[in-house]
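# Per-entry structural report
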Amino acid sequence: MTGMNWMGIWNERTTYRRGDVVYYQYDGFTYVCAIEQANRYFPNDTRSGFELMAGFVPTISVIDGGRY
């Protein structure tokens, strides 16, 4: 992945590029765009092209299906 670019709060009208980082205010997590373009799905949707980057909750391991 190339460098990261802070884009602020996720906006459904914005087209995001690989490396763009957004905060999704409805779940309190930060996501990074992992595909060439993303603009159709919420960042917490598995089809969105975003990957969970950071969050502060005791049960973060259950969010993305992985072990942290």
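Residue positions are given per chain, counted from 1 along the sequence in the order it is written. Per-residue local features of the predicted model are confined to residues with pLDDT of at least 70, and side-chain atom pairs are confined, for both listing and counting, to 80 or more; whole-chain, interface and lining totals are unaffected and use all residues. Only hydrogens and water are set aside when side-chain values are computed; all heavy atoms of the structure are taken into account.

### Comments concerning the packing of aromatic side chains
Quick note on the threshold: The rule is short: rings of Phe, Tyr and Trp, with Trp giving its six-membered ring, pair when the centres are within 6.5 Å, and they are stacked under 30 degrees, edge-to-face over 60, tilted in between. Secondary structure elements are defined from DSSP: runs of H or I of at least 4 residues count as helices, runs of E of at least 2 residues count as strands, and each element is numbered from the N terminus. For the exposure calls, accessible area comes from a 1.4 Å probe over protein chains only, and a residue counts as buried if that area is under 20% of its type's maximum, exposed if over 50%, partly exposed in between.
This model, assessed by the stated rule, comprises 5 aromatic pairs. Ring centres 5.4 Å apart and planes at 65° place the aromatic pair Trp 10 and Phe 42 in the edge-to-face group. Placement of Trp 10 in the loop between strand S1 (5–9) and strand S2 (16–17) and of Phe 42 in the loop between strand S5 (37–38) and strand S6 (50–54) is noted, with a sequence separation of 32 residues between them. The exposure class assigned to Trp 10 is buried, which follows from its relative accessible area of 12%. Summarising the aromatic geometry, the rings of Tyr 24 and Phe 42 are spaced 6.0 Å apart at their centres and angled 35° between planes, so their arrangement reads as tilted.

### So, the pattern of salt bridges
Quick reminder of the rule: Definition used for salt bridges: Asp or Glu carboxyl oxygen within 4 Å of a side-chain nitrogen of Lys or Arg.
Overall, the coordinates contain 2 salt bridges when judged by the stated rule. The shortest N-O distance in the salt bridge between Glu 36 and Arg 18 comes to 3.3 Å. Remark: Arg 18 occurs in the loop between S2 and strand S3 (20–24) and Glu 36 occurs in the loop between strand S4 (29–33) and S5; sequence separation between them is 18 residues. Judged by its relative accessible area of 39%, Arg 18 is partly exposed. The salt bridge involving Asp 45 is made with Arg 47; its shortest N-O contact spans 2.8 Å. Since its relative accessible area comes to 19%, Asp 45 is described here as buried. For Arg 47, a relative accessible area of 54% corresponds to the exposed category.

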